[in-house]
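# Structural overview
Okay, here's what each chain looks like letter by letter:
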Amino acid sequence: MIRRCHQIVAGALLLASLADVPGGAAAPASFAGAMAQVPSPAAIADYRRKLKAYQEARAAFEQEAGAYWNAIAEKRRVRNAKRRDRQPVSLDDYVLVHPPLYDGPERPINPEPEEERSPRQRKSIPVVADFLRAAAQQFQFAPQRPRTEIDFKRAYASVARAYGLTKEQAVRVYSFETGGNGNHDMQSGLSSSRPGSRAISTAIGYNQLLTTNSVELLAEQGDDILRALGQKAARSSGPQRAATERKIAVVKRMMAYARSVPDTWSAHQKLADTPKGWAIHALVLDIDVGPLLQTHKLLTSVIFARNKGYSRPLTAAELEMMNLTGDGTGFDMVTMPQAMRERVPTANFFQRRGYERNPVAIRHNTVAKLLAVTNARMDSNSAKPGARELAAAF
């Protein structure tokens, strides 16, 4: 009420001042603008009516959506318990309807002046230059970069083949993750063909490892990485051997840091968001360690499936589901019979926020459709030059 009275008084003062303008001259532009900014009672009433309708529609949607996603979580708990007890999972253990999507009125714009809010600060995402700087500052280390991209592809192909990944798995996952033309230092969201592009995550390389992936892999697979580096040192001599031995010493220090917390994703995530965690991520760029990290990222999923009794080789699309959603969730999709894949909505494998921000999962809204579009994208991208180079390296 005080605000309305203030606006009325202000309007009256403006009118009074206009009466003193000689010869009925036009009002100054600043006065006219101020008058135009004062909303009419009808505009305010219309806004309030629309706001009420929006709030009611949104509240109804939130109630419906909350119940749906609670059911998703409950069904997931049931499936996990059944698997622990080695009981079969059936169609009844999934939510078989698609999630509600809000289609009500948009929030109306308030015609009255509102208190200005400071813009939300966007969290800065570190990029390759930051990881390299952290490696130099925290561990006095600079990764050994390849002379050419094909050198890195050959190194990756050699490691992947030695550890049992198939050419089809490695090339098609690379094609999906990088678009078929990615380099070893490609970061998600950044592209030389799009000036001004911004990183959307810390994911780097052929299989798009996040900082947390690098920390976790080093904590869990560090001994194997050191063994591979030790074998390389034993085969070399002179300056090359000395360089490899210095690298081994650095990796040992990094591994000690990665293992300084419990072996959980959340603990590794906290370490990954530190300067030393960024430094560990720089290992992805090293021609010796990077291929090992990229290989182990896929190999852990293959081993997870094998340990669960899944003996058939994973297709590249199935491996990508485990790579994208995590081994447990991805394995849920992998082991699903085709008839169930046709009926089970993709929402069963997401948290609400992740699903609502994923247009691919919304558009291709069953397991069968999601696998089909993944395969289609792999087919298309595998024909691109970068993918053909990687295939030739096997």
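Residues numbered from 1 in each chain as written. Predicted model: local features only at pLDDT ≥ 70, side-chain atom pairs only at ≥ 80, totals over all residues. Heavy atoms only, no water.

## Digging into the overall build of the chain
For the chain, the count of helices and strands is 18 helices and zero strands. Against the 2.2 N^0.38 benchmark of 21 Å for 394 residues, the chain shows a C-alpha radius of gyration of 29 Å, more extended than a compact globule. Summarising its shape, the C-alpha atoms of the chain cover approximately 100 × 55 × 45 Å along the three principal directions. The contacts in the chain between residues at least 6 apart in sequence include a share of 70% that link residues at least 24 apart. (Helix = DSSP H or I, 4+ residues; strand = E, 2+ residues; numbered from the N terminus. Rg over C-alpha atoms; globule rule 2.2 N^0.38 Å. Contact = heavy atoms within 4.5 Å.)

## Observations concerning a positive patch on the surface
On the surface, a cluster of positive charge is contributed by Arg120, Arg122, Arg198, Arg353 and Arg357. Mapped onto the secondary structure, Arg122 falls in the loop between α3 (41-84) and α4 (128-139). (Patch = residues over 30% accessible without salt bridge, like charges linked within 9 Å, V, L, I, M, F, W, Y side chains within 5 Å. Areas by Shrake-Rupley, 256 points an atom, 1.4 Å probe, with all protein chains shown as cover. Salt bridge = Lys/Arg side-chain N within 4 Å of Asp/Glu carboxyl O. Lys, Arg positive; Asp, Glu negative; His and termini not counted. Charge placed at Lys NZ, Arg CZ, Asp CG, Glu CD.)

## Comments concerning the nonpolar core
In terms of nonpolar packing, the biggest core is built from 50 residues, with Trp69, Tyr156, Leu314, Met336, Val344, Phe349 and Val367 touching the most fellow members. Elements that contribute at least two residues to this core include exactly α3, α5 (149-162), α6 (167-178), α11 (289-307), α12 (316-325), α13 (327-334), α17 (367-381) and α18 (385-393). With sequence-adjacent residues up to four places away left out, Tyr156 is seen in contact with Ala170, Tyr206, Asn207, Pro291, Gln294, Thr295, Leu298 and Leu390. Of all hydrophobic cores here, the second largest spans 35 residues; its members include Phe139, Leu209, Met255 and Leu285. (Core = buried A, V, L, I, M, F, W, Y, C linked by side-chain atoms within 4.5 Å. Buried < 20%, exposed > 50% of the residue type's maximum accessible area, 1.4 Å probe, protein only.)

## Notes on the pattern of salt bridges
Following the criterion strictly, the structure yields 26 salt bridges and no others. Between Lys82 and Asp93 there is a salt bridge; the shortest N-O distance is 2.9 Å. Of the two residues, Lys82 is situated in helix α3 and Asp93 in the loop between α3 and α4; the sequence distance between them amounts to eleven residues. Its salt-bridge partner being Lys247, residue Asp288 comes within 2.6 Å of it at the nearest N-O pair. With Asp288 in the loop between α10 (275-281) and α11 and Lys247 in helix α8 (residues 238-258), this residue pair connects regions lying 41 residues apart in the sequence. Owing to a relative accessible area of 6%, Lys247 belongs among the buried residues under this scheme. Residues participating in the shared-partner salt-bridge network are Arg58, Glu62, Arg352 and Glu356.

## Examining the packing of aromatic side chains
Under the defined criterion, the tally for this structure stands at eleven aromatic pairs. Both rings, one in Phe131 and one in Trp278, keep their centres 6.3 Å apart while their planes meet at 90°; by these two values the pair is edge-to-face. Note that Phe131 is positioned in helix α4 and Trp278 in helix α10, a separation of 147 residues in sequence. When its relative accessible area of 0% is taken as the criterion, Phe131 is described as buried. Both rings, one in Phe152 and one in Tyr206, keep their centres 5.5 Å apart while their planes meet at 85°; by these two values the pair is edge-to-face. Remark: Tyr206 occurs in the loop between α6 and α7 (211-235) and Phe152 occurs in helix α5; sequence separation between them is 54 residues. (Phe/Tyr/Trp six-rings, centres within 6.5 Å; stacked < 30°, edge-to-face > 60°.)

## Notes on the confidence of the model for the chain
Per-residue confidence for the chain gives a mean pLDDT of 89; residues scoring 70 or more make up 91%. Every residue in residues 1-27 is under pLDDT 50, and counting partners more than four places away or in other chains gives 15 contacts. (pLDDT = per-residue confidence, 0-100.)

## Here we look at α8
The terminal C-alpha atoms of α8, which comprises 21 residues, lie 30 Å apart, in line with the 30 Å expected from a rise of 1.5 Å per residue. Of the positions making up α8, those classed as buried are Thr244, Lys247, Ile248, Val250, Val251, Met254, Met255, Tyr257 and Ala258. Those residues of α8 that are buried are in contact with α4, α7, α9 (265-272), α10 and α11. (Expected span 1.5 Å × (residues − 1).)

## Some points on the packing of α5 against α18
Between α5 and α18, the least distance of the axes is 8 Å, while the angle of their chain directions is 50°. Classed by the angle they form, the pair α5 and α18 counts as oblique. Note that α5 runs across α18; the crossing there is right-handed. On α18, the residues touching Ile150, Lys153, Arg154, Tyr156, Ala157 and Arg161 of α5 are Gly386, Glu389, Leu390 and Ala393. Partitioning the contact of α5 with α18 into residue classes produces five nonpolar, one polar and four charged. (Axes fitted to C-alpha atoms, helices over the stretch in contact; angles between N-to-C directions. Parallel < 35°, antiparallel > 145°, perpendicular 65-115°, else oblique. Left-handed = near helix turned anticlockwise from the far one by under 90°. Nonpolar A, V, L, I, M, F, W, Y, C, P; charged D, E, K, R; others polar.)

## Some points on the side chain of Ser382
The topology assignment puts Ser382 in the loop between α17 and α18. Dropping the residues within four chain positions of it, Ser382 is found in contact with Arg172, Ser175, Ala387 and Arg388.

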